[in-house]
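Remarks on the overall topology
The lines below spell out each chain.
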Amino acid sequence: MRALRAPRATALRHAAVLLPLAAVLVVVTYVFGAFTDYNIAGIAIYAIAAAGLTVLTGINGQLSLGHGALMAVGAYTTSLLLKEQPSLPFLLTLLAAIVVTGAAGGIIGIAAARLRGPYLAGATLALAVGLPQLAIHFGSVLGGNQGLNVAAPQPPAALGGDFPPERWLAWIAIAAALISLFLLANLVRGAAGRTLRAVHDNETAARLAGIDVARVQVLAFVVSAVCAGLAGSLFAYWVGITAPTGFGLQLSLQLLSAIVIGGLGSLTGAVVGAFVLVYLPVWTSGLASNLSLSSDVTNNLPLAVYGAVLVVTMLLFPRGIQGTAAAALSAGRRRLLNRRVNQRTSEVTT
Amino acid sequence: MNVRTPQATWWAKGACMGVAAVLVAACGSTGSTGSTSNQASAPGITATSVTIGSTQPLTGPAAPGYSEIAPASNAYFKYVNAHGGVFGRSINYKFLDDGYNPTNTASLTRQLVLQDSVYADFDSLGTPTHLAVVDYLNQEKVPDLFVASGCNCWNNVSAHPYTFGWQPNYTSEGKILGNYIKQTYAGQKVGYFAQGPNDEFGDDGIAGLNDVLKGGGVTLVSPTQFYAPTAAGAAGVKAEMAAMQAAGVQVVASFSIPLFTAAAIASAASINYHPAFVVSNVGADPPTLTAILTGGSLGVTLPAALLTGLTSDSYLPLVSDSSNPWISLFKGIATQYAPNLPWDGNVLYGEAVAYTFVQSLKAAGQNPSRADIVHAIESSHFTDGPGLAPFAFSASNHLGYTGVQVAVLGAGNVQKAVGPVYTTDLTAGGAITQFSGTPSTPPSNGIPSD
Amino acid sequence: MRTFLILTVDGVTNGFIYAIVALALVMIWRATRVINYAQGAMGMFTTYIALYAISHGVTYWLAFVIALGAGFLLGAGIERVLVRPVESRPPLNIVILTLGLLILLEALAPMLFGGQVKSFPAPFSRIDLSIGTTQLYISPFDIFVVGAVLLTMVVLVLFFQRTTIGLRMRAAAFGPEISRLLGVRVGRMLTLGWGLAALLGALAGLLIAPAIFLYPNNMDEILVFGFTGAILGGLDSPVGAVVGAILVGLVLSYVGGYAGSDLETIGGLVILIAVLMIRPQGLFAAQRQRQA
């Protein structure tokens, strides 16, 4: 009975955080205009994928360098359905992407459960490089190099004719992200989360405790693939096209860097990482355009900054943004506590 | 749908009302070139400037070569700005790096339209990248001018009334190259080397070649030898060349990017195979090829004839033809305003397309709306620009240049034009006709006249 | 037959170059349990240094030595300055650090050396040899590549088996605590390991550049193929890495030649997964375990 009650309290606590957040975000979409709406949608989509990767890599300890390939499976599922049946309901395209990618994640997970460390990294890396090529090989169905176009979801007429599609997509993505985060947070805090962590911390001990390690690892892969599928499906709508060049190795590496920069193993960190992923290019894009330097320098400066940010963050904030902030917070709290204890002891002695 | 740029509209209205209080008749007549003052007639246009934007592969695998295009366009705009601008407005060109990744293109284009309020999207590069935003730009009614890709997908006037191509489409180019092959290499064995499969550059080009060569006159050798445009792929085209050698192919018709043209020529040479190469304009820029091939990558002094005889085509004056007034104009501007750029086909491309934009902006009138520039382009063929053939532009056709002239690389790696300029369309069996117009010369100040 | 011959020679020579990258990865893995994702980019960067030297009148062979030296310094420097401080952190941090380094180097190269595709010289002819009218489909340069890689492997084996410093390096990698107690300066050995690995990376860059030309991203896939080869063979086994890499070279060449170039990378993927399913620690893992 206690075991049941505790997660319910956690669920309530998570809901208490996420619902006001949803309200704030909806207000934000009215304040800053369409470009911010578009970026919020992007953050929400990357956050879903990054949160899934957090469960797999951060919590369960399976390093995936190929998560972009799973997003591609989701994106292509949605795009292909829309190509064949343009009038398909929006939610159905999301659902189909989730199911197909979840299944793909299960298969990859079964294979991955046999692999450890760099062997898993190498296999998933090959997946990220190889899989987009399938879209070229089966070009007549999957669009080849040109890809498949996806129209942005149109806001319902009830919201008025002037309702910007960017805001509508932002709302959808926010809703999807908050629901995903809510479910993942409950999963991570619950019994399943403890099992996931146990396998990461000490595989042998977990096995001795009666945990079916392989099953847990496949489960982690399926959970993260479901997230990647949902994110990939929304990604197709967000970008407007599903083409192999959009799902190169870069995407997988971006997701991985997002969860580490944000703070490995924490869902909040995944969201922070998604924010960095979307806004860092916005901040650095015009960086050197006004300086009178050679174009070879100005063209590459933003990329150099991005690389340097990754290196410097790892050197100075190895626990990521969330980890560093949390550490600072708890250090502050401890100091406060210590002061109180000191006061009390001094009261006693005097 | 114009709600998306409330600020710009507000400014435009404000400016209009302010002027209206003084000069009653002035405001309605945008587009006239009378003695009216400059107004903020559209998003991105102020009394003193026009802001346009672009997405380009400035970094990543597509960057070598292509990253020169936008800085070259910008050099031409700087030149125009230094000489009084267009209707007194200076052109502010904001080009952002999408790394040839459509995900980046999508968000950067929103950044340009929504945050930077550009008047037009100009010369954005790449097929899969730009396909991601072509719907969006048209929904927003943002002029989408002169996409840097020869895909014929830009010509869809009913769905994309704001989008225009610029360079000849690959199919038309393939037809004209096929026509040349048929005439020059009659009775010989012809094989295709192309990017792909399922890549519109290779596929469209081959469609054009087939349209002419399937009709006979030469022996077509199948299958097409495809390459995948990956970094390591360049090391592996030897087998493709050997297959052609084994099949006795005498003429290799190639729709390949420069890296793979170079790899194909080097690989063929390494197996003592010396067919005639006929290469799409995209993959045959002589300075680029020379730079790639003549640095000793074959480990021996290059056979003198390795690049000599390489056949390609051009829709602009030849980059090495320094006696051409357009070339001396553009080369001079590049030297002054972008001294770090090499002088090659990419730089020429960037400046020439910028020239067409300035022509369009002038034609759109003093205080143009976004629709004005679209109408101005539709009603002009800009035959007084650097192009060898006219544009196809009309209310029902948004394709770019209609024709090319074949050029052969001679001694000293200098290209020489061969035969007349041909024009054609992309329909199967559509006639290939000689263009009879005379080449234009640039205005003395190098800026399109009004 | 002709196609088979060409594909085989191509596959083997490319495989030998992947093998150097694989060896470099294995060296760093054995020393510090890190995969250096910047290995390819470092090789690209040092090749630019060589080209810069050549364009300033230095001979090819001196430039070759300069590039190898630059590679060594780059690797050793990166270990000392960047990797050492994060050594005790979770392994993913070092993954991200090397990815950041990869991006940084690919941005710095065009800033310093220009962004165009450049030709890189080959010291021997790449025109295929022939006996009489019979084409051999192998060039003097191909022979040089194979010879250079074989020589490198022999030198490495001798270095690790026969020299004191080589033995110390192995000891530092396998048992850092005990080695420290025995007076081995473990830190210095790790730096040396990174330096030597980067020297190998530089060699790979120099040998592949004539065929794929030189530009900032030219080593991206070479790294992936080298990594695939290393894993195929087993990360702890240098011999395995070389065999795995040559296998990767051959598979890619055959798939590309017979099934179509668009299937090349998928072919590599399928082989990798198939092998890992049967031997999750690579082909040469069992032997390794018996040794350890």
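What you are looking at is a predicted structure, and each value in this text was computed from that prediction instead of being measured. (Residues numbered from 1 in each chain as written. Chains lettered and ligands numbered in written order. Predicted model: local features only at pLDDT ≥ 70, side-chain atom pairs only at ≥ 80, totals over all residues.)

In terms of regular secondary structure, chain A is built from 14 helices and 2 strands. Its C-alpha radius of gyration of 22 Å places chain A within 12% of the 20 Å reference for a compact globule of 350 residues. Among the 350 residues that make up chain A, the fraction classed as buried is 55%. Contacts in chain A between residues at least 24 apart in sequence constitute 77% of all its contacts with a sequence separation of at least 6. (Helix = DSSP H or I, 4+ residues; strand = E, 2+ residues; numbered from the N terminus. Rg over C-alpha atoms; globule rule 2.2 N^0.38 Å. Buried ≥ 20, exposed ≤ 12 C-beta atoms within 10 Å, placed from the backbone. Contact = placed C-beta atoms within 7 Å.)

In terms of helices and strands, chain B carries 14 helices and 12 strands. In terms of C-alpha radius of gyration, chain B reaches 23 Å, essentially the compact-globule figure of 22 Å for 450 residues. Seen through its C-alpha atoms, chain B measures out along the principal axes to roughly 80 × 40 × 40 Å. The buried share among the 450 residues of chain B stands at 62%. In chain B, of all internal contacts separated by at least 6 residues, the share reaching a separation of at least 24 is 70%.

Here the focus is the interface of chain A and chain C. In many analyses, interface size is given as the accessible surface area lost on bringing the parts together. Taken together, the contact between chain A and chain C spans 36 residues of the former and 39 residues of the latter. Elements represented by at least two residues in the side of chain A that touches chain C include exactly helix 5 (117-137), helix 11 (249-263) and helix 13 (295-316) of chain A. Looking at the side of chain A that touches chain C, the element that brings in the most residues is helix 5 of chain A, giving 14 residues. The residue makeup of the side of chain A that touches chain C, split by class, is 26 nonpolar, 8 polar and 2 charged. (Nonpolar A, V, L, I, M, F, W, Y, C, P; charged D, E, K, R; others polar.)

All right, on to the environment of Val27(A) then. Residue and element names in this part refer to chain A. Tracing the sequence through the fold places Val-27 in helix 1 (residues 2-31). Accessibility expressed as a C-beta count within 10 Å gives 9 for Val-27, which makes it exposed. Here the alpha-carbon distance between Val-27 and Phe-235, two residues 208 residues apart in the chain, equals 23 Å.

Residues and elements named next belong to chain B. With respect to burial, strand 7 (residues 251-255) is a largely interior element, 5 of its 5 residues being buried. Covered by surrounding structure in strand 7 are Val-251, Ala-253 and Phe-255 together with Val-252 and Ser-254, the residues of both alternating faces. Across 5 bridges, the pairing between strand 5 (residues 189-195) and strand 7 is parallel. Paired with Tyr-192 across the two strands is Ala-253, which belongs to strand 7. Across 4 bridges, the pairing between strand 7 and strand 8 (residues 276-279) is parallel. Across the sheet, residue Val-251 finds its bridge partner in strand 8, namely Ala-276. (Pairing = 2+ DSSP bridges.)

All names here are of chain C. Two elements in contact, helix 5 (residues 140-162) and helix 6 (residues 164-174), have axes whose closest approach is 5 Å; the angle formed by their N-to-C orientations is 80°. Accordingly, the angle class assigned to the pair helix 5 and helix 6 is roughly perpendicular. Across the interface between the two elements, Phe-159, Phe-160, Gln-161 and Arg-162 of helix 5 pack against Gly-166, Met-169 and Arg-170 of helix 6. Taken together, the residues of the contact of helix 5 with helix 6 sort by class into 3 nonpolar, 2 polar and 2 charged. (Axes fitted to C-alpha atoms, helices over the stretch in contact; angles between N-to-C directions. Parallel < 35°, antiparallel > 145°, perpendicular 65-115°, else oblique.)

Moving on to helix 4 (residues 91-113) of chain C. Residues and elements named next belong to chain C. Over its 23 residues, helix 4 runs 33 Å from end to end, which matches the ideal 33 Å to within 8%, given 1.5 Å per residue. Counting buried positions along helix 4 gives 19 out of 23 residues, so the element sits mostly inside the fold. Once helix 4 ends, the next one or two residues include Gly-114, with phi positive near 95°. (Expected span 1.5 Å × (residues − 1).)

Before going further, it helps to spend a moment on the interface of chain B and chain C. Tallying the contact residues gives 40 residues for chain B and 43 residues for chain C. The set of elements that each furnish at least two residues to the side of chain B that touches chain C consists of helix 2 (63-66), strand 6 (219-227), helix 9 (238-246), helix 10 (258-270) and helix 11 (286-293) of chain B. Tallying contributions element by element places helix 9 of chain B first for the side of chain B that touches chain C, with 5 residues. Residues of the side of chain B that touches chain C, tallied by class, amount to 25 nonpolar, 14 polar and 1 charged.

Once that is clear, we can look at the confidence of the model for chain A. Per-residue pLDDT for chain A has a mean of 89; in total, 93% of the residues score no lower than 70. Within the model, pLDDT remains below 50 along residues 1-6 of chain A, and this stretch shows 0 contacts once partners closer than five positions in the same chain are excluded. (pLDDT = per-residue confidence, 0-100.)

Before going further, it helps to spend a moment on the sheet that holds strand 3 (residues 120-122) of chain B. All names here are of chain B. A sheet is described by the order of its strands in space; here 4 strands give the open sequence 2-1-3-4, paired in parallel fashion. Each edge of the open sheet carries a strand with a single partner, namely strand 2 (90-97) and strand 4 (144-145). The pairing of strand 1 (residues 49-56) with strand 2 spans 8 bridges and is parallel. Bridging from a neighbouring strand, Val-50 pairs with Ile-91 of strand 2.

Glancing now at helix 10 of chain B. Residue and element names in this part refer to chain B. Look at helix 10: 18 Å from first C-alpha to last across 13 residues, which is about the 18 Å you get at 1.5 Å a residue. Counting buried positions over the 13 residues of helix 10 gives 13, a clear majority of the element. A positive phi of about 55° marks Asn-272, the residue just after helix 10.

Let us now look at unusual backbone geometry. Omega for the bond connecting Gly196(B) with Pro197(B) falls within 30 degrees of zero, at 0°, which places this linkage in the cis form. Checked against the element boundaries, Pro197(B) lands in the loop between strand 5 and helix 8 (200-213). Residue Ser222(B) is joined to Pro223(B) through a cis peptide bond whose omega torsion reads 0°. Within the secondary structure, Pro223(B) sits in strand 6. For Tyr100(B), which is not a glycine, the phi torsion comes out positive at approximately 60°. Relative to the helices and strands, Tyr100(B) resides in the loop between strand 2 and helix 4 (102-115). Assessed through the 24 C-beta atoms surrounding it within 10 Å, Tyr100(B) is described here as buried. In this model, Phe213(C) sits at a positive phi of 70°, which is unusual for a non-glycine residue. In this structure, Phe213(C) sits in the loop between helix 8 (186-212) and helix 9 (220-233). Given 26 C-beta atoms within 10 Å, Phe213(C) falls into the buried group.

Attention now moves to the confidence of the model for chain B. All names here are of chain B. Of all residues in chain B, 91% attain a pLDDT of 70 or more, and the chain-wide mean is 88. Looking at the elements of chain B, mean pLDDT is at its lowest for helix 1 (residues 6-22), recorded as 38, and at its highest for strand 3, recorded as 97. This model gives residues 1-33 a pLDDT under 50, and the stretch forms 40 contacts once residues within four places in sequence are excluded. Scoring of the predicted complex yields 0.90 for pTM and 0.89 for ipTM.

Right, let's get into the environment of Ala171(C). Residues and elements named next belong to chain C. On the secondary structure map, Ala-171 appears in helix 6. Considering only alpha carbons, one finds Ala-171 and Val-184, 13 residues apart in sequence, at a separation of 8.2 Å. When residues no more than four places from it in sequence are discounted, the contact partners of Ala-171 are Ser-179 and Val-184.

All names here are of chain A. As a packed pair, helix 3 (residues 67-84) and helix 4 (residues 90-112) sit with axes 8 Å apart at the nearest point and diverge in direction by 140°. As the angle between them shows, helix 3 and helix 4 are arranged oblique. Handedness of the helix 3/helix 4 crossing: right-handed. Where helix 3 approaches helix 4, its residues Leu-70, Val-73, Gly-74, Thr-77, Thr-78, Leu-81 and Leu-82 are matched on the opposing element by Thr-93, Ala-96, Ala-97, Val-100, Thr-101, Ala-104 and Gly-105. Here the residues of the contact of helix 3 with helix 4 sort into 8 nonpolar, 6 polar and no charged. (Left-handed = near helix turned anticlockwise from the far one by under 90°.)

Below, the discussion takes up the environment of Tyr215(C). Within the secondary structure, Tyr215(C) is located in the loop between helix 8 and helix 9. The buried category is assigned to Tyr215(C), around which 26 C-beta atoms lie within 10 Å. In this structure, the C-alpha to C-alpha distance between Tyr215(C) and Leu108(C), residues 107 residues apart in sequence, is 12 Å. In this structure Tyr215(C) touches Pro64(B), Val117(C) and Lys118(C), once residues within four positions along its chain are discounted.

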